[in-house]
Amino acid sequence: MTQNKSTAGISIKNLGLSFGTTEVLKGVNLEIEPGEFFSFLGPSGSGKSTLLRAISGFGPDPTGSIKIGGEEVTGLPAWQRNVGMVFQSYALWPHMTIRKNVAFGLEERKVSSTEIDGRVDDALDLVGLKHLADRTPGQLSGGQQQRIALARTIVVEPRVLLLDEPLSNLDANLRVQMRRDILALQRELGLTTIFVTHDQEEANTISDRMAVLDKGIIQQIGTPVELYDQPQNRFVASFLGTANIIEGSITEGHFVAEKDFKIPVKTDLTGNIYLVIRPQSVTISETEVTENNRSYSLKGNIEYSEFLGETVRYSVLSNGHSILADESHLRGNKIVANGQDVWVEIEKDQILLLDR
Amino acid sequence: MTVKASSGFLSRSNFGPKALAILIALFLIMFLAVPVAKVFIVAFQDPSTGSFTLINFVDFFKTSLFRESFWNSFYVSSVSVVVASIIALPLAYFTSRFNFGGTVIIQTLGIVPLIMPPFVGAVAMQLLFGSNGSVNLLLDEHLGFTIPFMEGLNGVIFVQSIHYFPFILINLSAALANIDRSMEESALSLGSNGMRLFRRIVFPLSMPGYVAGASIVFIKVFDDLGTPLLLNVNNMLAPQAYLRISSVGISDPMGYVISVILVIFSLFAMWVAFLALRGKDYATTQKGGGGLMKRDMKPAEKFIAYAIVLFILAVVLSPHLALGLLSFGTIWSYSVLPDAYTLEHYAEVFSSAGDFIKNTLLYAGMAATIDVVIGTAIAYIVWRTKIKGRKILDYLAMSALAVPGVVLGIGYLRTFYQFDVPFKDIPLANYWLIIVIALAIRRLPYAMRACVAALQQVSVSLEEASESLGARKMTTVKRIVIPLMTGGILAGFVTSFATAAVELSATIMLVSSEADAPIAYGIYVFMQSAAGRGPGAALGILAVVIVALGTYVSNRIIQKANQKNAMSPDQH
Ligand SMILES: Nc1ncnc2c1ncn2[C@@H]1O[C@H](COP(=O)(O)OP(=O)(O)O)[C@@H](O)[C@H]1O
Ligand SMILES: [Mg+2]
């Protein structure tokens, strides 16, 4: 199979969508470049599938605009969009052989039967399952069904490829393998792809860029590193990775929270603020540490600890606030006991302040 | 948990279930396997010498009446399937593919015909649709033509299709409802739509369900005795078998040959259904899937859909209407409606037909009790014990499905006319208890399915919890399993009861005196004479009320049981 010449960008402007009176998508704006691997990440019920289905032409009619390769597609029925969709359940037709399943879209496009044979073989080759062509879907494992569903979609050379939680029905090992395979395939074909997932590790490892959704609203768009390092709001900060988030306000150059929690900060922000700090930027020490030019220091007391393997996660109670600190673990390190007094160091340049 | 040593045939933990299994097996062999085997043996036996022969089958196909009966039965069953499909298809399609307000009507349609056995309404249908019936009188008067709805075989086809189409409706609707929307959506996004999408995806996926329903209709019509008998259509297989045995006698081999043919066709139809369903678990709905793909109807579509549904509803309700009119009417002949209305028929029924009612309640009650006891026992033995050969019980009980009532009746007559009832000087074949047993055997597969379903709702872990707290097997079954199965068992009882109450085909062969006869037989006797039609219809209405109440009660019980089970976290 050759580089897909017809691959297209996607441009969504001010998209809204309701089921009856419940608004499920609100003011969605999105630009996806041709050939980009893009993810929708968000908790269950956040509207990822609904948005993906709106792009492929399913579900209630949305308001706003969806353009694929510059062409307005709202109002166009699904079968005229030439958008490839892979369903979470794979949706292979149980009454057809694998070959028939893959040939279906080409047959609908009235491609000649000799060409169909060749292209089906190529597609099955591409996913490495040509030898299963004459089986029926029921005789295949989940991972194999997944590959066939992919082959069935890309064989028609769609303008964009849409994948709705394609890995969620696979077991953990296969999931990692499959996501690498999907990425390799996408790069080979240069096919604009949207990948829906609720799993941040999946989204982080596979995407060029991604959009985080919550309650039908796009919270932030960016590369995985941008979203992790520069979350724009509390939701993104807490949804990607683990974060200490403390509610407080800025008073006279200090971040002040309940119960005398106070650290000096340099910021232009004023008023109500979230202070965000990742656990790996917090260290604990059993001997006293004073504030230096690298970090602030607070006195505290170990509440509990969790041994996670690579790290030990401590929860330290300091001035009425629980702060998580990750310490990397080496063989033989001993774990600090609960109730032990410790000093917590917070790295100054790792502190992030967000408007509330 | 303790691991029980399962040694020796009579090990203590297994003795009870094993003894029970053997008792049930004996019962089924004696009252199902032996009589049916007897029928087969006689069919292949030379009547005078007793040696093996095919001569009876040769004679059968040499007789033109039998050849005609054979083709008529085949023809009537096939056309009934076609007509039933024509009724069921649009209904199934409307409910499963559209947001259609008439869905409730359609669901009702799926039950209403089944609460009246077809033979009950058959005579009344002649008064509505016969050549001098209401519809044709009106047609003739206003449009100048008539339609032979009820002429000969047409009548049987008409009555049977109206009665049995729900089997296709239910199975087809279930098949359509099992197609996940992603099946259709993936085809849509690959460029397919409209009729092509229907033909390539929806139709093949719903095919197994359709074939399953159609094969049930085929068997039921092929085996049915009551409807052709009441419509006086005797040139079909089941009536011929009955007439040969009742007029020529139980030594005439033709009744047995016909029985063998009936069983073979039943098996054949079941085999077709099995092939259609084998390896085709097309149920594609799943978690994360989107359920059904339904769309709204346009106003014009809605109008047409309602017109079709209401028309079918009218046709389906016509036997009930006709029966009601007949039961309240004085004289009804050559007129659109009865001349006048009266309660006399009901008065007559209550004064003279008390025995029929009493017998019906007794027989159906006893049969249903036997069914749920055996059904529960088999369910437990097959699904919860490891007794060797336990599956045989299941197969044995289920095989009753392939035995038409006529065949069972003939088998009983032949097998038990030499057995005298202890302490009484009559053969078992003529004793009323044999009717009870026949009813129990006929209804057992359905009751057993209900019990199995109920048992499967009871998680094994609940039993294990009881045993780990020190309760023995018997105690666990008594205190945990049976109480949790109650809803399902009751539902099985009520369905068995309601359908046994109106079973005619086996009963009619086994009733030896009118004093022993149940309602179904009474209706048949009344309907034989013109004067008896009114009371017959009144008795029919009574039967319908019994079945309707039974169906309602069993539905309520199932609903309640489901609600209760919904609260327990662990279900399968
Ligand atoms: N067919 C539907 N009818 C009504 N509400 C729906 C329907 N499908 C989805 N929703 C609602 O839309 C919201 C978003 O759903 P979905 O897009 O499936 O979320 P996600 O894929 O992110 O888990 C949810 O609150 C869900 O309840
Ligand atoms: Mg989803």
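Residues numbered from 1 in each chain as written. Chains lettered and ligands numbered in written order. Predicted model: local features only at pLDDT ≥ 70, side-chain atom pairs only at ≥ 80, totals over all residues. Heavy atoms only, no water.

(A) Seen up close, the overall build of chain B. Of regular secondary structure, chain B possesses 23 helices and two strands. The C-alpha atoms of chain B give 25 Å as radius of gyration, which agrees with the globular expectation for 572 residues (25 Å, within 12%). Each of the three principal axes of chain B carries a C-alpha extent, and together these read 85 × 75 × 50 Å. Here the contacts in chain B between residues at least 6 apart in sequence split such that 76% fall between residues at least 24 apart. For chain B, the computed accessible surface area is about 25600 Å², with 67% contributed by carbon and sulfur atoms. Averaged over its 39 positive side-chain charges, chain B has a centre that lies 14 Å from the centre of its 30 negative ones. (Helix = DSSP H or I, 4+ residues; strand = E, 2+ residues; numbered from the N terminus. Rg over C-alpha atoms; globule rule 2.2 N^0.38 Å. Contact = heavy atoms within 4.5 Å. Areas by Shrake-Rupley, 256 points an atom, 1.4 Å probe, with all protein chains shown as cover. Lys, Arg positive; Asp, Glu negative; His and termini not counted. Charge placed at Lys NZ, Arg CZ, Asp CG, Glu CD.)

(B) Layout of the domain arrangement of chain B. Residues and elements named next belong to chain B. Per the domain assignment, the segments making up chain B are domain 1 (1–53 + 344–572) and domain 2 (56–342). The distance between the C-alpha centroids of domain 1 and domain 2 comes to 26 Å. The interface is formed by 39 residues belonging to domain 1 together with 41 residues belonging to domain 2. Across the interface of domain 1 and domain 2, roughly 3600 Å² is buried in total on both sides, 77% from carbon and sulfur atoms. At the boundary of domain 1 with domain 2, the tally comes to zero salt bridges. On the surface where domain 1 and domain 2 come into contact, there are seven residue pairs in polar contact (both at pLDDT 80 or more). If you list the elements that add at least two residues to the side of domain 1 that touches domain 2, you get helix H1 (12–43), helix H14 (344–352), helix H17 (405–416), helix H21 (505–510), helix H22 (519–527) and helix H23 (533–567). For the side of domain 1 that touches domain 2, the element with the most residues is H23, which contributes 10 residues. Taken together, the residues of the side of domain 1 that touches domain 2 sort by class into 30 nonpolar, six polar and three charged. (Domains from an automatic or database assignment. Buried area = accessible area lost by both parts, 1.4 Å probe. Salt bridge = Lys/Arg side-chain N within 4 Å of Asp/Glu carboxyl O. Polar contact = N/O pair within 3.5 Å; in protein donor to acceptor, adjacent residues only side chain to side chain. Nonpolar A, V, L, I, M, F, W, Y, C, P; charged D, E, K, R; others polar.)

(C) Examining the pairing of strand S18 (residues 321–328) of chain A more closely. All names here are of chain A. Inspection of the sheet shows strand S17 (residues 311–318) paired to S18 by eight bridges, in the antiparallel sense. Paired with arginine 313 across the bridge in S18 is aspartate 326. Connecting S17 to the antiparallel partner S18 that follows it, the hairpin turn spans two residues, and asparagine 319 within it adopts a positive phi of roughly 50°. (Pairing = 2+ DSSP bridges.)

(D) A look at the packing of helix H3 (residues 64–97) of chain B against helix H11 (residues 237–248) of chain B. Residue and element names in this part refer to chain B. The interhelical angle for the contact between H3 and H11, taken along N-to-C directions, is 140°, at an axis separation of 8 Å. Between H3 and H11, the interaxial angle falls into the category oblique. Where H3 approaches H11, its residues Leu65, Phe66, Ser69, Phe70 and Ser73 are matched on the opposing element by Leu237, Gln240 and Arg244. Split into classes, the residues belonging to the contact of H3 with H11 amount to four nonpolar, three polar and one charged. (Axes fitted to C-alpha atoms, helices over the stretch in contact; angles between N-to-C directions. Parallel < 35°, antiparallel > 145°, perpendicular 65-115°, else oblique.)

(E) Region of the structure containing H14 of chain B. Residues and elements named next belong to chain B. Taken together, the buried positions of H14 are His345, Tyr346 and Val349. End-on, the buried residues of H14 take up no more than an arc of 100°, which puts them together on one face. Exposed and facing more than 90 degrees away from the buried side of H14 are Glu344 and Ser351. (Buried < 20%, exposed > 50% of the residue type's maximum accessible area, 1.4 Å probe, protein only. Arc of directions from axis to C-beta.)

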